[in-house]
Amino acid sequence: SFRSMAVLGFLFILLSLIAAVLSRSENLASKQTLLRVLFYSIPLTYLAGQLGWMTAEIGRQPWIVYNLLKTSDAVSKSVSVSQVWMSLIGFTLVYGLLGILDIYLLAKFSKKGPDDDLSGIVNPARS
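Described below are features of the structure shown in this document. (Residues numbered from 1 in each chain as written. Predicted model: local features only at pLDDT ≥ 70, side-chain atom pairs only at ≥ 80, totals over all residues. Heavy atoms only, no water.)

Bringing the overall build of the protein chain into the picture now. Secondary structure summary: the protein chain contains six helices and zero strands in total. Going from N to C terminus, the protein chain has its helices and strands arranged as α-α-α-α-α-α. Taking all 127 residues of the protein chain together, 8% fall into the buried category. Of all intrachain contacts in the protein chain linking residues separated by at least 6 positions in sequence, the fraction that spans at least 24 positions is 60%. (Helix = DSSP H or I, 4+ residues; strand = E, 2+ residues; numbered from the N terminus. Buried < 20%, exposed > 50% of the residue type's maximum accessible area, 1.4 Å probe, protein only. Contact = heavy atoms within 4.5 Å.)

Under the criterion given, the structure shown has two aromatic pairs. Ring centres 6.2 Å apart and planes at 20 degrees place the aromatic pair Phe 91 and Tyr 95 in the stacked group. In this pair, Phe 91 and Tyr 95 are both assigned in helix α6 (residues 81-112), four residues apart and thus about one turn of the helix distant. On the basis of relative accessible area, Tyr 95 is assigned to the exposed category, the value being 56%. (Phe/Tyr/Trp six-rings, centres within 6.5 Å; stacked < 30°, edge-to-face > 60°.)

Helix α3 (residues 42-58) packs onto helix α1 (residues 2-25) with a crossing angle of 145 degrees between their chain directions and a minimal axis gap of 8 Å. α3 is crossed by α1, and the crossing has left-handed handedness. For the pair α1 and α3, contact is made by Phe 2, Ser 4, Met 5, Leu 8, Leu 11 and Phe 12 and by Leu 44, Thr 45, Leu 47, Ala 48, Leu 51, Gly 52 and Thr 55, respectively. Here the residues of the contact of α1 with α3 sort into nine nonpolar, four polar and no charged. (Axes fitted to C-alpha atoms, helices over the stretch in contact; angles between N-to-C directions. Left-handed = near helix turned anticlockwise from the far one by under 90°. Nonpolar A, V, L, I, M, F, W, Y, C, P; charged D, E, K, R; others polar.)

Written out as structure tokens, the structure reads:
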């Protein structure tokens, strides 16, 4: 999961650099292929975040697996099973709602398109 997260991170950096260079030298809006790649890479950011979380959580397990720490010693005694379930349900609901809201807003603003009045935006490369 760490390597996949790192590859995605470098992909995002590469795509950002390409977009930045093209926005300085040419009209970025004319590069439909790059814009499609950028659009379809949006969900990959969420995947990279989950892979990072997996890296952090899975990295703890070898201590238990290789008998350096007993499983019974690794379990929190101050948190009940119902508290674990409630936090899992709560996080799932909150992040699920945030994900739905994010997808809704992305769809809404991408269908709307860019503003027609760009007179207030100054492009330093073309000034």
